[in-house]
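# Inside the fold
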Amino acid sequence: MNVTRGFTGRPRVQNAGLPPGQYDAGDDWPVLSAEVTPDLTPADWSFRIDGLVAEPHTWDWAEAHALPTSAYEGDIHCVTSWSKFGVRFGGVSLDAFLDTVRPDASATHAVAYSHTGYTTNLPLADLTGGRAWIAWEYEGRPLPAEHGGPARLLVPHLYFWKSAKWIAGLRLLDHDEPGFWEQNGYHARGNPWEEQRYSGD
Amino acid sequence: MTRTTSDTTATGPFVPPTRFAVPGRIAVSNRAAALWQTATLTEVRRETPHASTFRFAVPGWAGHLPGQHLMLRLTADDGYTAQRHYSIASPPDDAGHIELTLDHVEGGEVSGWFHTLAKPGDEVEVRGPLSGFFAWPGDRPALLIGAGSGVVPLMSMVRHHRARGLTVPLRLLVSARGPEDLIYAREYGAETTPVFTRRAPEGVPVGRLAASQVAPLLAAEQPPGGWEAYVCGSNAFAEHASRLLVAAGQPVDRIRIERFG
Ligand SMILES: Cc1cc2nc3c(=O)[nH]c(=O)nc-3n(C[C@H](O)[C@H](O)[C@H](O)COP(=O)(O)OP(=O)(O)OC[C@H]3O[C@@H](n4cnc5c(N)ncnc54)[C@H](O)[C@@H]3O)c2cc1C
């Protein structure tokens, strides 16, 4: 251990919900996207799932909203070290979308891509079983554009760069393919509880 | 609906339907990114009342490109750590040394330690360099727009341009509240236009970065092949500056944004 002379840090919080190396950002919600925030209206938005599926499908705003709604209430964790507790997102469980397209047994991974061209890769198992959403509401209001509105992917059990803003689609694959940050040295899975920040962690 | 060919081919790299907004400029070394190294503070230089530059010796530093950042970690004696990202201010040719410039954030855990306790000889830990997308290898004409400590990665580009005597066009628009808040004020040359938002010297207008300052660079002063634009600062500034660029005609896929969160 390399102790930094004189550094004591903030009073220790015993917070079982805080993954290692993270701090509680309180009311702040930092924005860290690398691209220009797009001018995307609900009418421009669409979401497609294709690749290794029985029936590729594209939903528009109205069709996606016709699916049963589902909310996430809990915490989110960003790789830059902040976490945010007790946030509430509204949208539709990704399971509802996947039920429509019926993934092939051979599908193991997905690339999520945005209307901006941003990409991120995920194991399919992280997107199923009620652990991932397409979210368009934050605290009961439309999701702001700089946070990915009109709709973003939400995978709150992984670092938040996996929760692609301005989500446009998922391509299901039989192998893992690194996305934008993953090609830039970030971890393939990004589990905050194992501190999988960078490739090699 | 029937399967199209692209739906069934799960081999070959996935290409998103939208052109990738900001392809990485360089490949990042995963080995350098994974390794924590000791950085020994060798010098502290005050830049403004709220910002200082910290110079470190990092003997095993793998080298970086202008625009990259690193992760810095402080450790307390009970093992508690605090880690934050910092852009690298120095140019790549400063062998075995790196410089960071930190704002003193009110109540800040890491910047607070640097601004109140740090002195030469102290050791901290760094890993990096990280992130290839904001890097500028010195190849394409660069239009740099920063505010506050957002000028730090851009200064690495300006210094690299000078140190190597590069002839590729480079322009810097840097926003600060007033002249005394302008980081690196003594170092700027003809490539730089400061923008003062609260107080300015006699004869210099006061106000936030405006279309009238951005538009000419994208019209008459546009170099052949266009600019690669790099925007850095708070999220609010990044939103403002990137909108001005888009309005002036800069293609979105040639705007790279580093937000300090
Ligand atoms: C890619 C990148 C590059 C960056 N480059 C630079 C750079 O070159 N220079 C630079 O100065 N900064 C840079 N930053 C910002 C930097 O990473 C830090 O966010 C900044 O230094 C503040 O850290 P801190 O530990 O001093 O403050 P923090 O302790 O993180 O506090 C920040 C604010 O939140 C409040 N706060 C947070 N947590 C608590 C808490 N638990 N209790 C009470 N208050 C709290 C503080 O009071 C303060 O107002 C960069 C950020 C990124 C993402």
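Residues numbered from 1 in each chain as written. Chains lettered and ligands numbered in written order. Predicted model: local features only at pLDDT ≥ 70, side-chain atom pairs only at ≥ 80, totals over all residues. Heavy atoms only, no water.

Under the annotation held in an unreviewed UniProt entry, chain B carries the name Oxidoreductase and is attributed to Streptomyces lacrimifluminis. In the Cofactor (unreviewed entry) part of its UniProt record, chain B is described as follows: "FAD". (UniProt positions renumbered as here; feature names shortened; annotations may be inferred.)

As annotated in an unreviewed UniProt entry, chain A is Molybdopterin-binding protein from Streptomyces lacrimifluminis.

## Comments concerning the overall build of chain A
On a plain count of helices and strands, chain A comes out with three helices and 11 strands. In chain A, the order of α-helices and β-strands from amino to carboxyl end is β-β-β-α-β-β-α-β-β-β-β-β-β-α. Relative to its length of 201 residues, chain A is compact, with a C-alpha radius of gyration of 17 Å against a globular reference of 17 Å. Overall, the C-alpha framework of chain A stretches about 60 × 35 × 30 Å when taken along its three principal axes. Burial analysis of chain A (201 residues in total) assigns 59% to the buried set. (Helix = DSSP H or I, 4+ residues; strand = E, 2+ residues; numbered from the N terminus. Rg over C-alpha atoms; globule rule 2.2 N^0.38 Å. Buried < 20%, exposed > 50% of the residue type's maximum accessible area, 1.4 Å probe, protein only.)

## Let's talk about the UniProt feature "domain: FAD-binding FR-type" (unreviewed entry) in chain B
In the numbering adopted here, UniProt assigns the feature "domain: FAD-binding FR-type" (unreviewed entry) to residues 34-136 of chain B. The span residues 34-136 of chain B is 9% helical and 47% strand by assignment, and the distance between its end C-alpha atoms comes to 22 Å.

## Examining the site of the ligand
Near the ligand you find 24 residues, and of these B:Arg84, B:His85, B:Tyr86, B:Val110 and B:Ser111 are the closest. Site remark: the ligand is flanked by residues from chains A and B. The side chain of B:Arg84 places a nitrogen or oxygen atom 2.9 Å from an oxygen atom of the ligand. At 2.6 Å from an oxygen atom of the ligand is found a main-chain nitrogen or oxygen belonging to B:His85. In the complex, the protein chains occlude 75% of the 960 Å² of accessible area that the ligand would expose alone. Put simply, the parts of the chain that give the shell around the ligand at least two residues each are strand 1 (23-24) of chain A together with strand 4 (81-87), strand 5 (97-103), helix 3 (109-116) and strand 11 (255-259) of chain B. Tallied by class, the residues present in the shell around the ligand amount to eight nonpolar, eight polar and eight charged. (Near = heavy atom within 4 Å. Polar contact = N/O pair within 3.5 Å; in protein donor to acceptor, adjacent residues only side chain to side chain. Areas by Shrake-Rupley, 256 points an atom, 1.4 Å probe, with all protein chains shown as cover. Nonpolar A, V, L, I, M, F, W, Y, C, P; charged D, E, K, R; others polar.)

## Some details on helix 4 (residues 152-163) of chain B
Residue and element names in this part refer to chain B. A rise of 1.5 Å per residue sets the reference length of helix 4, with its 12 residues, at 16 Å; its end C-alpha atoms lie 16 Å apart and thus fit the reference within 8%. Among the 12 residues that make up helix 4, 10 are buried, leaving the element largely enclosed by the rest of the structure. Looking at the buried residues of helix 4, the elements they touch are strand 1 (37-48), strand 4, strand 5, strand 7 (142-147), strand 8 (170-176) and strand 10 (228-233). Phi for Gly 165, located one or two positions after helix 4, is positive at around 60°. (Expected span 1.5 Å × (residues − 1). Contact = heavy atoms within 4.5 Å.)

## What about the interface of chain A and chain B?
Contacts between the two partners involve 59 residues from chain A, matched on the other side by 65 residues from chain B. Here chain A packs against chain B, burying approximately 5,000 Å² in sum over the two surfaces, 53% of which is carbon and sulfur. The largest contributions to the chain A side of the interface with chain B come from A:Arg5, A:Phe7 and A:Val36, which together make up 15% of the buried area. In this structure, the connection of chain A to chain B is made through four salt bridges. Across the pair B:Asp78 and A:Arg12 runs a salt bridge, and its minimum N-O distance is 2.8 Å. Linking chain A to chain B there are 19 residue pairs in polar contact (both at pLDDT 80 or more). Those elements giving two or more residues to the side of chain A that touches chain B turn out to be strand 2 (46-51), strand 6 (109-114), strand 11 (167-173) and helix 3 (180-183) of chain A. (Buried area = accessible area lost by both parts, 1.4 Å probe. Salt bridge = Lys/Arg side-chain N within 4 Å of Asp/Glu carboxyl O.)

## Digging into the pairing of strand 5 (residues 82-93) of chain A
A regular strand carries its side chains on alternate faces of the sheet. Residue and element names in this part refer to chain A. With nine of 12 residues buried, strand 5 lies mostly within the body of the structure. In the sheet, strand 1 pairs with strand 5 via two bridges, with the strands oriented parallel. By the bridge assignment, Tyr 23 is partnered in strand 5 with Trp 82. Bridge analysis of strand 4 (residues 70-77) against strand 5 gives seven bridges, and the strand direction is antiparallel. Paired with Ala 71 across the two strands is Gly 90, which belongs to strand 5. For strand 5 and strand 8 (residues 133-138), the ladder comprises five bridges, and the chain directions are antiparallel. (Pairing = 2+ DSSP bridges.)

## Structural notes on the packing of aromatic side chains
Scanning the model with the defined rule gives 26 aromatic pairs over all chains in all. Taking 4.9 Å as the distance between ring centres and 65° as the angle between the ring planes, the aromatic pair formed by B:Phe54 and B:Phe114 counts as edge-to-face. Within this pair, whereas B:Phe54 is found in strand 2 (residues 51-57), its partner B:Phe114 is found in helix 3, the two being separated by 60 residues in sequence. Accessibility expressed as a relative area gives 1% for B:Phe54, which makes it buried. Looking at B:Phe114, the relative accessible area reads 3%, which means it is buried. Counting every residue linked through ring pairs, the aromatic cluster contains A:Tyr118, A:Tyr159, A:Trp161, A:Phe180, A:Trp181, A:Tyr186, A:Tyr198, B:Phe133, B:Phe134 and B:Tyr230. Over the face of the ring belonging to A:Tyr23 we find B:Arg84, whose NZ or CZ atom lies 4.5 Å from the ring centre. Of note, B:Arg159 hangs over the ring of B:Tyr184, and the distance from its end group to the ring centre comes to 4.7 Å. (Phe/Tyr/Trp six-rings, centres within 6.5 Å; stacked < 30°, edge-to-face > 60°. Lys NZ or Arg CZ within 6 Å of the ring centre and 35° of its normal.)

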